[in-house]
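The residues making up each chain are set out below.
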Amino acid sequence: MSSKPESVFIGSIHKLLPKVLHREKMHNAFRGGTPDVYYSGDVGDLWVEYKYLPKLPARSGTLIVPGLSELQIQWLRGRYEEGRNVAVIVGVGTGKKAG
């Protein structure tokens, strides 16, 4: 079974991180907006929403706006206003089909 591109992207990031860093995939079927992954380590914690684009926009200089839902924006903004560390990380593919 093939993995979704965003999951593959997240996995490639995790391979680069130290093994001692706590990482926990978040999924809540009853409440939307929670970021994809929570990280915790010696220097603090971080909530990350990952987005993946198959390729860059055709025009250079085009602003890339990740497609966050209103619930995701509210959740991330709320945690940020509480003083927590939050991020949105956008991965971009080559635009070529795997195969």
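Note: the structure precedes this text.
Residues numbered from 1 in each chain as written. Predicted model: local features only at pLDDT ≥ 70, side-chain atom pairs only at ≥ 80, totals over all residues. Heavy atoms only, no water.

### Digging into the overall build of the protein chain
So, step 1. A tally of helices and strands in the protein chain yields 2 helices and 4 strands.
So, step 2. Overall, the protein chain shows an N-to-C arrangement of helices and strands of α-β-β-β-α-β.
So, step 3. Based on the C-alpha atoms only, the size of the protein chain along its principal axes is roughly 40 × 30 × 30 Å.
So, step 4. Of all 99 residues assigned to the protein chain, the portion counted as buried reaches 22%.
So, step 5. Nonlocal contacts in the protein chain, meaning residues at least 24 apart in sequence, comprise 50% of its contacts between residues at least 6 apart.
So, step 6. Split by element, the accessible area of the protein chain, about 7,700 Å² in all, is 56% carbon and sulfur.
So, step 7. Each charge sign in the protein chain was given a centre, from 14 positive and 9 negative side chains, and these centres are 12 Å apart. (Helix = DSSP H or I, 4+ residues; strand = E, 2+ residues; numbered from the N terminus. Buried < 20%, exposed > 50% of the residue type's maximum accessible area, 1.4 Å probe, protein only. Contact = heavy atoms within 4.5 Å. Areas by Shrake-Rupley, 256 points an atom, 1.4 Å probe, with all protein chains shown as cover. Lys, Arg positive; Asp, Glu negative; His and termini not counted. Charge placed at Lys NZ, Arg CZ, Asp CG, Glu CD.)

### Comments concerning the pattern of salt bridges
So, step 1. For the structure on display, the rule yields 3 salt bridges.
So, step 2. Put simply, Lys-51 and Glu-49 hold a salt bridge, and the shortest N to O gap is 3.5 Å.
So, step 3. Judged by relative accessible area, which is 2%, Glu-49 ranks as buried.
So, step 4. A salt bridge links Glu-82 to Arg-79; the shortest N-O distance between them is 3.1 Å.
So, step 5. Its relative accessible area of 47% is what places Glu-82 among the partly exposed residues.
So, step 6. Look at the salt bridges and you will find they share partners, linking Arg-79, Glu-82 and Arg-84 into a network. (Salt bridge = Lys/Arg side-chain N within 4 Å of Asp/Glu carboxyl O.)

### Side note on the pairing of strand 3 (residues 44–53)
So, step 1. Pairing geometry for strand 2 (residues 37–41) and strand 3, over 5 bridges, is antiparallel. In the sheet register, Val-37 faces strand 3, and the bridge partner there is Val-48.
So, step 2. Bridge count between strand 3 and strand 4 (residues 86–92): 7 bridges; the pairing is parallel. Residue pairing for strand 4: Leu-53 is matched across the bridge by Val-92. (Pairing = 2+ DSSP bridges.)

### A few points about the packing of aromatic side chains
So, step 1. Counted by the stated rule, this structure contains 4 aromatic pairs.
So, step 2. Judged by centre distance (6.1 Å) and plane angle (45 degrees), the rings of Phe-9 and Tyr-52 are tilted. Separated by 43 residues along the polypeptide, Phe-9 in helix 1 (residues 5–16) and Tyr-52 in strand 3 bring together distant segments of the chain.
So, step 3. Measuring from centroid to centroid gives 4.6 Å for Tyr-38 and Trp-47, while their planes differ by 50 degrees, and the two rings are tilted. Exposure class is identical for Tyr-38 and Trp-47. Each is buried.
So, step 4. The aromatic ring of Trp-75 is capped on one face by Arg-79, whose charged end is 4.8 Å from the ring centroid. (Phe/Tyr/Trp six-rings, centres within 6.5 Å; stacked < 30°, edge-to-face > 60°. Lys NZ or Arg CZ within 6 Å of the ring centre and 35° of its normal.)

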